[in-house]
Amino acid sequence: MVKAYLRYEPALTFGVIASPESNVCYDPSGRLLLAGALDRLAAWDLKRGLPSISFAPSSSSPSLAVYCIASSTSAAVSSSIASGHADGSIRLWDAETGACEATLHGHRSAASALRFAPSGAVLASGSKDCDVILWDVVAQAGLFRLRGHRDQVTDLVFLDSGKKLVSCSKDKFIRVWDLETQHCLQIVGGHRSEIWSMDVDPSERFLVSGSADPELRVFRIRQSVEEGEDWSKWDVLKLFGEIPRQSKERVATVTFNRDGTLVACQVAGKTADIYRVLDETEAMRKAKRRMHRKKEKASAKSMIAEGNGTVIDPLPAQDLQNPSVTVTDVFKLLQVLRASKKICSVSFSPSNPPRGCLATLSISLNNNTLETYSVDSEKVSKMYSIEMHGHRSDIRSVSLNSEDNLLMSTSHNAVKIWNPSTGDCLRTIDSGYGLCSAFVGNRFALVGTKSGTLEIIDIASGSLTEVIEAHAGSIRSIVPIPDEDGTVGARGFVTGSADHDVKFWEYQQLQKSDNDSKQLTVTNVRTLKMTEDVLAVSISPQGKHIAVALLDCNVKVYHMDTLKHFLTLFGHKLPVLCMDISSDGALIVTGSADKNLKIWGMDFGDCHKSIFAHSDSVMDVKFVYRTHYMFSVGKDRTVKYWDADKFELLLTLEGHHAEVWCLTISSRGDFIVTGSHDRSIRRWDRTEEQLFIEEEKEKRLEETFEADLDNDNEYRYGQKDDAPDEGSVGVPGRKTKETITSADAIMDALDTAEEELKRLNQHKLEEQNNGRAAKFQPNVIMQGHSPSDYVLNVVSSIRPNDLEQALLALPFSDALKLMSYLKEWSLIPSKVELVCRVCLVLLQTHHNQLTTTPAARSLLTDLKDILYCRVKECKDTIGFNLAAMDHLKELLAMRSDAPFRDAKAKLMEIRQELLKRSDRPDGNEKRKKKRKKASGES
């Protein structure tokens, strides 16, 4: 009989506030700040410092890491948030519910830039594959692909109400695209290094681009050519000037605020320069002052020259009266924001700033922190900071208490206590660099640090009660000593260190301090001297044996009572980094830097099996209580589930984006918790779903096959040299597993429908010949539909973004079968758009074969007449409905008691007023003083 196991699945991810790879931006309402948190988005309420909504994909994988985020200010489209991921996919999210509306596949490598058009109905995406793709957000399908850049596309900007698109790239060029004719209008050079970011002000006067050059380049945007201006016929951008930068690091982000009066230039360092953008009147006034100073200097020079007998030409009078405005007259350095750590991204708030401030600016730091600053003419002040919900660096150890309701994690400067069920941070205690940890009951905890100190923490008060100089080297392991009845940690604990010592500790009686609170103290009772650095320590559940892993790649087992040598386990080629003993004391498993797991018998020390477990070092391994199942984690970012009796891999859990350092298992084995270098803590829950070893092996083979699906792309991450200078247009989608599955479904449906039509015709022929025939039995697979309706249902069920690629995969014979159904489908009003899409793709793909096939000529002639009429009817219906809606809108606007007239604007005004009141905590006090003053005068 085949043995079945229970599956573990990802349940919760917490500890990440903002990923350094992703940008930050505000949601459409301007109340929440969106930040990428590995493979999901988090919407943070900055005032409360709490996450409001989490946007998580259905599956968790390092290939789904969020690289870029964009939000739309238009309320016409529900999918107002977009995220670009490491696998090239684009996801559209509902800002209200956090649900994923669509997943768009088109890029062959990681998405690097996203931007919504002003209408919100079109989304532009750029990628490391050097292409720009335009997406229809409403139809959730690609429009077209723009090729021309020869390196990664870094930023995108829409111009002229979404009719033009500007893209910049690491190939040092800026391209201007006309989206109506789908061609490149202008190629702008001048940058001497890679262009990393650009932005345009809301009035579309200036476009500012930044690179590693020591200055920002400012371009004027062509709106209307006046007489005397030297614009060429097709130019959209014209160089206005260069702004010298304050920092030597490359530019990372350039962004304007909501009204275009400020522009922020964030560099790949700890600073962000904020410039003031003057309007035309102020810029002209500044230019006149500049010319006036220039005139004074010239007059002073002329007076000196007259005394020397020389003559200097005076300044032209026209330049003095009508000076030309330069870029330094428009852009003025206002403030320099200096952060404590490296800044990853900046974003201006679209909401109204607090009173007395020019704007509100939010930044993400590379130490897992979000900060918000208020910008005024005098200074930049910090308003809010979100840092409690995650560690500043990677997580080195995790441990659960005996009741599994508290989780402790350690990092380089802090210890955090979490609720493992919800992921909420309960306590944060400053500490040293914690490498290992353990609970003492439910009130105290022990932390072993890199400096060799042992820290005792009071969980209830969230304080560090005592620091003991326990070892001369870093403490690598803290293991509670179990009683003979299996009670863990009742007698004391053992520490292993790099100073070659294994020390045994006992708990002292709880002493009362001055404030009547009980404190825990420990004392060293025994010390076991070793010849090498101690890397790991493990104690058998009954407390009979202690195993010590040393730097010489061996594991030594001793009797606990006498500390006499019992066994030596040797066989690893590199040091053993972790080990664990099963709850029945029969097996010990060791994990090493040689990527292997070895399973040993505790009776004779014989090696039962050596397993090549991970593709990098094994960092931790634990047995599930009362079983011989075990979990291992490694630097290869995976968590693996094993059967130590059958030596079989049961399950591979992927989700972490960096090395996994540690894991802990609940006392009942119903969930495990892992900590990683990506600063995330992940909980994996045991489900009721059964898994079988053979099925899992087949799944792994299929995943290997699917991973090689796109390996034939020559420019997956490299530069492209085959695109013409003037650019080209391509198909937006790409071949994926879903498109191949969809193409197979269409071909199966066509074959099934063809067989059903043959059976119908044969049945009719028999009925005509015999006069009577048996009742026709339809195919059960078709579920009572006619052949035409069955094929239509299959085609309609394909996602709009996958339809084009699925049709491209059809052979000509099946494409001809599919076109024979289009005439009947076009009579259904709701399917006219689908019929037109299918017909257009098949005509473009198989044009030569269709024109040379006699059987297809009559079909094409009929479709030409029918589709033209049907499309015209749909356009007339849509136009009529739009006109009727405009008429109803005018009628509502004319009524003084219209219930919903300007409802959204009024709601936003009320929200802004409430926010202003909340920002003025002393408002009530001022009103009280005025009342007292008025009563005193009376």
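Residues numbered from 1 in each chain as written. Predicted model: local features only at pLDDT ≥ 70, side-chain atom pairs only at ≥ 80, totals over all residues. Heavy atoms only, no water.

An unreviewed UniProt entry lists the chain under the name Small-subunit processome Utp12 domain-containing protein, with Urochloa decumbens as the source organism. Quoted verbatim from the Sequence similarities (unreviewed entry) field of the UniProt record, the comment on the chain reads "Belongs to the WD repeat WDR3/UTP12 family." (UniProt positions renumbered as here; feature names shortened; annotations may be inferred.)

Visitor: Can you break down the sheet that holds strand β26 (residues 343–348) residue by residue, with the values?
Guide: The strand order β26-β27-β28-β29 describes an open sheet built from 4 strands, whose pairing is antiparallel. Of all the strands in the sheet, just β26 and β29 (380–386) have a single pairing partner and so form its edges. Taken over all neighbouring pairs, the strand axes of this sheet differ in orientation by 25° on average, direction set aside. Note: strand β28 (residues 369–375) against β29, 6 bridges, orientation antiparallel. (Pairing = 2+ DSSP bridges. Helix = DSSP H or I, 4+ residues; strand = E, 2+ residues; numbered from the N terminus. Axes fitted to C-alpha atoms, helices over the stretch in contact; angles between N-to-C directions.)

Visitor: Hey, could you go over the state of the cysteines for me, with residue numbers and the actual values?
Guide: Tallying each qualifying case throughout the model produces 0 disulfides. Sulfur of Cys 874: no disulfide; nearest cysteine sulfur belongs to Cys 836 and is 7.6 Å away. We classify Cys 874 as partly exposed; its relative accessible area is 25%. (Disulfide = S-S within 2.5 Å. Buried < 20%, exposed > 50% of the residue type's maximum accessible area, 1.4 Å probe, protein only.)

Visitor: Help me get a handle on the nonpolar core, residues and values and all.
Guide: Judged by nonpolar contacts, the single largest core of 34 residues is most densely connected at Ile 746, Val 791, Val 795, Leu 807, Leu 818, Trp 825 and Val 838. Going through the elements one at a time, α5 (737–770), α6 (787–796), α7 (800–808), α8 (812–820), α9 (822–825), α10 (832–845) and α12 (854–894) are the ones with two or more residues in this core. Beyond its immediate sequence surroundings of up to four residues, Val 838 is in contact with Val 795, Leu 803, Leu 807, Leu 818 and Leu 822. Among the nonpolar cores identified, the runner-up in size contains 18 residues, and Val 624, Tyr 629, Val 633 and Leu 651 belong to it. (Core = buried A, V, L, I, M, F, W, Y, C linked by side-chain atoms within 4.5 Å. Contact = heavy atoms within 4.5 Å.)

Visitor: Which residues make up a positive patch on the surface, and what values do they have?
Guide: Together, Arg 285, Lys 288, Arg 289, Arg 293, Lys 297, Lys 301 and Lys 332 make up a positively charged patch on the protein surface. In terms of residue count, helix α1 (residues 280–308) provides more of the positive patch than any other element does, 6 residues in total. Tracing the sequence through the fold places Lys 332 in strand β25 (residues 331–338). The class of Lys 332 is partly exposed, set by a relative accessible area of 46%. (Patch = residues over 30% accessible without salt bridge, like charges linked within 9 Å, V, L, I, M, F, W, Y side chains within 5 Å. Areas by Shrake-Rupley, 256 points an atom, 1.4 Å probe, with all protein chains shown as cover. Salt bridge = Lys/Arg side-chain N within 4 Å of Asp/Glu carboxyl O. Lys, Arg positive; Asp, Glu negative; His and termini not counted. Charge placed at Lys NZ, Arg CZ, Asp CG, Glu CD.)

Visitor: Tell me about the environment of Asp 645, residues and numbers included.
Guide: Looking at where Asp 645 falls in the secondary structure, it is placed in the loop between β54 (638–643) and β55 (648–654). Asp 645 sits 36 residues away from Lys 609 along the chain, and the two C-alpha atoms are 9.5 Å apart. If we ignore the near neighbours within four places in the chain, the residues touching Asp 645 are Leu 587 and His 628. Engagement of the side chain of Asp 645 in a polar contact is seen with the side chain of His 628, the distance being 2.8 Å. (Polar contact = N/O pair within 3.5 Å; in protein donor to acceptor, adjacent residues only side chain to side chain.)

Visitor: How would you explain the pattern of salt bridges if you had to name every residue and give the values?
Guide: Side-chain pairs of opposite charge can arise where the charged atoms are in close proximity. Counted by the stated rule, this structure contains 29 salt bridges. Of the charged contacts in the structure, one is a salt bridge between Arg 147 and Asp 131, with a shortest N-O distance of 3.8 Å. One end of the pair, Arg 147, is in strand β13 (residues 141–147); the other, Asp 131, is in the loop between β11 (122–127) and β12 (132–136), and 16 residues separate them in sequence. You can call Arg 147 partly exposed: its relative accessible area is 22%. The shortest N-O distance in the salt bridge between Asp 458 and Arg 443 comes to 3.6 Å. Remark: Arg 443 occurs in the loop between β34 (434–440) and β35 (444–449) and Asp 458 occurs in strand β36 (residues 453–458); sequence separation between them is 15 residues. Classification of Asp 458 as buried rests on a relative accessible area of 3%. On the basis of relative accessibility, which here comes to 34%, the residue Arg 443 falls in the partly exposed class. Salt bridges sharing common partners tie together Arg 7, Glu 689, Glu 696 and Lys 699.

Visitor: How would you sum up the packing of α5 against α6? Please name residues and give values.
Guide: Here α5 crosses α6 at 175°, and the two axes come no closer than 9 Å. In terms of orientation, α5 and α6 fall into the roughly antiparallel class. Residues Ala 745, Ile 746, Ala 749, Leu 750, Thr 752, Ala 753, Glu 756, Leu 757 and Leu 760 of α5 pack against Pro 787, Tyr 790, Val 791, Val 794 and Val 795 of α6. (Parallel < 35°, antiparallel > 145°, perpendicular 65-115°, else oblique.)

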